[in-house]
Amino acid sequence: MRRVVSLFLPFLPIERLRRQERFATPRPSAAALQLPVDDDPGACSVPRGGGWRPGARWAREEARSRAEVEEQIASLPLHAQPPIRELGRRSEAAEHPFKRQAAQAAGGAIHAAQTAGAVPLALVGKVGRREEIVAACPAARALGITVGMAATHARALVSDLDFRPAEPEGDAALLDRLALFGVRHWSPVVAVSPPDGLWLDLTGCDHLHGGEARFCHRLLAFCRRAGFTARVAIADTPGAAHALARFGREDIAVVPAGGTLEAVAPLPVAALRLAGGALAAARKFGFETIADLLPVARGPLARRLGLATINRLDQALGATAEPIAGCEDIAPPSVERRLLEPIGTAEAIGQVMEDLLRDLAEVLQTRGLGARSLRLIALRIDGGEQMVAIGTSRPTRDAQHLLRLLKLRIERIDPGMGLEQFRLIAPHTEPLAAEALRAVLAGDTQVSDPARLVDVVAGRIGPQAVFRLAPVESHVPERAVTRASPVEKPGTWPSWRRPVRLFARPEPLSRVIALLPDQPPRRFEWRGQAHHVVAGDGPERIHGEWWRRNAEVWAVRDYFRVEDDQGGRYWVFRRGDGIQSETGDLSWWMHGVFA
């Protein structure tokens, strides 16, 4: 019998943000962010706003009696005396009745949050064209803040609430890390149930954790230690476990085998993961719980609520299979050596490197991979770590070549009192094709490989001194090329024809003779030498990138490939389309030279 665990983290965005703030710079208090208040308004008892307020801060601090206040009011001119309704208005020092009701309804939630120093927090995200509350902590919910509420309404309801922008990418990344942790510790099949949960297939491995009930308690304890509020449910189907974890009454729900129907029947229809339109239709026809859907014939039910509702209902009851696509734990190839005695000399470290590379080459050969980068981690006897890394311009598993690169990094290792453990990891690998092994299999060690020369030079003088050209997504030629590290994976070049040598800045041409608007130049002078064109091709029109600056909104370049009478082939362009003056000044420029 299949057993599926659903882990629900109801306050995942809020608690993830709280965890980040534990190690971040403390946020300033709300009082520190407020502007200073002038507590001394002067001799006049009327503040600068013009309206006398008996509950103002300057009035409260003086602590005048009622008689003194009435006497002060009587001494004012008639036009400055407050009206009767102003005198009967609630003082700012008094407690707001609605806030008092909300605090009473909240119970001890707000008091516990204030005791722990946590400010009520809500996350705001853009849903459609308006900003809504996408997550709220328990203290904020106690004040009346609900998910889906408009942000402006929430700010008006609770002015001192801490509002933050939502980060769904950070939440998704955290769920991915939790899923990977679950694969390594809990179950071989763990999948993310966005946006706030996980699925675990516990079939056949519950005995490893002491049974299902004990596993649930251990899972909740782990979540509490990590700082998360969690609910766990175990059922025969993923849909039933998902529904019980989110709409059940208990934090831990373990449904016995075959009891799925009785467990999900009293749950609301929203537990079936239906869309908003299906939920609205269910309310319209009076379907409140899953039990209300069971006696209805499938045909009429599909016409009323849609086929998706039937599919979700069958998945929850087990009539339709719902596979779980678990995440993969792709561990990088690595080897490890533990030494009997600590070492600290360069010769001993080099010997360990050679042994590790020999073992790693076997692992890479078994997987059919080649290493693009290696990371050597050495553990000292005092607990410190020393790490060095190398990279290659092409995938390789040649141990001698990699050893030569690693030995260039020995001087950066501080052995301290001695190194007792080494680990070699290949975090970046690529499939190694048969063509790359041809020279090694033939035993030809004299074959020159420029990639090895690049690796050695980059290892000696640093990867910043050696670079390769990489493409950039841009239409402007000088912006479409950038410098990249030789050990990085090269990008894909576009199919456009470009010169071998492209100037970083175009150079101006003089004495140009050309027919407008679409003819290549017949003659031009460049660097003091005249060139007579015998053949030309073009134009290739390139427009400016208007989103960068206003000067490129109407800018146009017409490029031509030309050949002079001496056999030289050049890439020239004209500013402007030759018709409208806004597109350019019709000047000619040299931008590159073909081979």
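One structure accompanies this document, and this report is about it.

**Quick notes on the pairing of strand 1 (residues 4–8)**
Logical step 1: Counting buried positions along strand 1 gives five out of five residues, so the element sits mostly inside the fold.
Logical step 2: Neither face of strand 1 is left uncovered, since the one carrying Val4, Ser6 and Phe8 and the one carrying Val5 and Leu7 both have all their residues buried.
Logical step 3: With five bridges joining them, strand 1 and strand 7 (residues 231–235) adopt antiparallel strand pairing. Bridging across to strand 7, serine 6 finds its partner in alanine 233.

**What about helix 16 (residues 298–305)?**
Logical step 1: Every buried residue of helix 16 is accounted for by Leu301, Ala302 and Leu305. Buried residues of helix 16, viewed axially, fall in a sector of 100°; they line one side.
Logical step 2: Against helix 14 (276–285), helix 15 (290–293) and helix 17 (307–317) lie the buried residues of helix 16.
Logical step 3: Positive backbone phi, approximately 100°, marks glycine 306, located one or two places after helix 16.

**Focus on the sheet that holds strand 6 (residues 197–201)**
Logical step 1: Spatially, 5-6-1-7-8 is the arrangement adopted by the five strands of the open sheet, whose pairing is mixed. With partners counted over all chains shown, the strands left at the sheet margins are strand 5 (190–193) and strand 8 (252–254), one partner each. Direction aside, the axes of adjacent strands within the sheet are offset by 15° on average.
Logical step 2: Pairing of strand 7 with strand 8, which is carried by three bridges, proceeds in the parallel orientation. Pairing of isoleucine 234 across the sheet is with valine 254, part of strand 8.
Logical step 3: In this fold helix 10 (residues 168–185) packs onto strand 5 and strand 6, with an angle of close to 160° to the strand it touches most, strand 5.
Logical step 4: Set on the sheet, helix 11 (residues 212–226) makes contact with strand 1, strand 6, strand 7 and strand 8; between it and strand 7 the angle comes to about 155°.

**Points about the pattern of salt bridges**
Logical step 1: A full pass over the atoms with the stated rule returns 32 salt bridges.
Logical step 2: Residue glutamate 336 is joined to arginine 338 by a salt bridge in which the shortest nitrogen-to-oxygen separation is 3.3 Å.
Logical step 3: On the accessibility criterion, arginine 338 (63% relative accessible area) is exposed.
Logical step 4: One salt bridge connects arginine 523 with glutamate 525, and the closest N-O pair in it is separated by 3.0 Å.

**Considerations on helix 17**
Logical step 1: Looking only at helix 17, the buried set comprises Thr309, Ile310, Leu313, Asp314, Gln315 and Ala316.
Logical step 2: On its buried face, helix 17 is in contact with helix 12 (238–247), helix 13 (260–264), helix 14, helix 15 and helix 16.
Logical step 3: Once helix 17 finishes, glycine 318 follows within two positions and takes phi at roughly 90°, a positive value.

**Brief notes about the packing of aromatic side chains**
Logical step 1: Inspection of every chain in the model, using the stated rule, returns ten aromatic pairs.
Logical step 2: Each ring, one from tryptophan 546 and one from tryptophan 547, has its centre 5.5 Å from the other, and the planes form 85°; the classification is edge-to-face.
Logical step 3: Using a relative accessible area of 56% as the deciding quantity, one classes tryptophan 546 as exposed.
Logical step 4: You can call tryptophan 547 exposed: its relative accessible area is 52%.
Logical step 5: When the ring centre of phenylalanine 285 is taken as origin, the NZ or CZ atom of arginine 304, which lies over that ring, is 5.3 Å away.

**Digging into the sheet that holds strand 2 (residues 121–127)**
Logical step 1: Reading across from one edge, 3-2-4 is the order of the three strands in this open sheet, with mixed pairing throughout. Two strands lie at the open edges of the sheet, namely strand 3 (130–136) and strand 4 (162–165), each paired on one side alone. Here the average twist between neighbouring strands, direction ignored, is 40°.
Logical step 2: Sheet topology note: the strand 2/strand 4 ladder contains four bridges and is parallel.

**Topic: the side chain of glutamate 552**
Logical step 1: Inspection of the secondary structure puts glutamate 552 in the loop between strand 18 (529–543) and strand 19 (556–564).
Logical step 2: Residue glutamate 552 is classed as buried on the basis of its relative accessible area of 7%.
Logical step 3: In terms of polar contacts, glutamate 552 uses its side chain to reach the backbone amide nitrogen of glutamate 545, at 2.9 Å.
Logical step 4: Within the local environment of glutamate 552, its side chain forms a polar contact with the side chain of arginine 549, the two groups lying 2.9 Å apart.
Logical step 5: What glutamate 552 contacts, discounting residues up to four positions off in sequence, is Arg479, Gly544, Glu545 and Trp546.

**Considerations on the nonpolar core**
As a rule of thumb, soluble globular proteins bury nonpolar side chains together.
Logical step 1: In this structure, Leu244, Leu267, Leu272, Phe287, Ile290, Leu293 and Leu305 are the most contacted members of the largest nonpolar core, which totals 29 residues.
Logical step 2: Mapped onto this core, the elements with two or more residues apiece are strand 7, helix 12, helix 13, helix 14, helix 15, helix 16 and helix 17.
Logical step 3: With five residues, the top contributor of residues to this core is helix 12.
Logical step 4: Setting aside residues no more than four positions away along its own chain, leucine 244 makes contact with Arg231, Ala233, Ala253, Val255, Ala263 and Leu267.

Procedures and definitions
- Residues numbered from 1 in each chain as written.
- Predicted model: local features only at pLDDT ≥ 70, side-chain atom pairs only at ≥ 80, totals over all residues.
- Heavy atoms only, no water.
- Buried < 20%, exposed > 50% of the residue type's maximum accessible area, 1.4 Å probe, protein only.
- Helix = DSSP H or I, 4+ residues; strand = E, 2+ residues; numbered from the N terminus.
- Pairing = 2+ DSSP bridges.
- Arc of directions from axis to C-beta.
- Contact = heavy atoms within 4.5 Å.
- Axes fitted to C-alpha atoms, helices over the stretch in contact; angles between N-to-C directions.
- Salt bridge = Lys/Arg side-chain N within 4 Å of Asp/Glu carboxyl O.
- Phe/Tyr/Trp six-rings, centres within 6.5 Å; stacked < 30°, edge-to-face > 60°.
- Lys NZ or Arg CZ within 6 Å of the ring centre and 35° of its normal.
- Polar contact = N/O pair within 3.5 Å; in protein donor to acceptor, adjacent residues only side chain to side chain.
- Core = buried A, V, L, I, M, F, W, Y, C linked by side-chain atoms within 4.5 Å.

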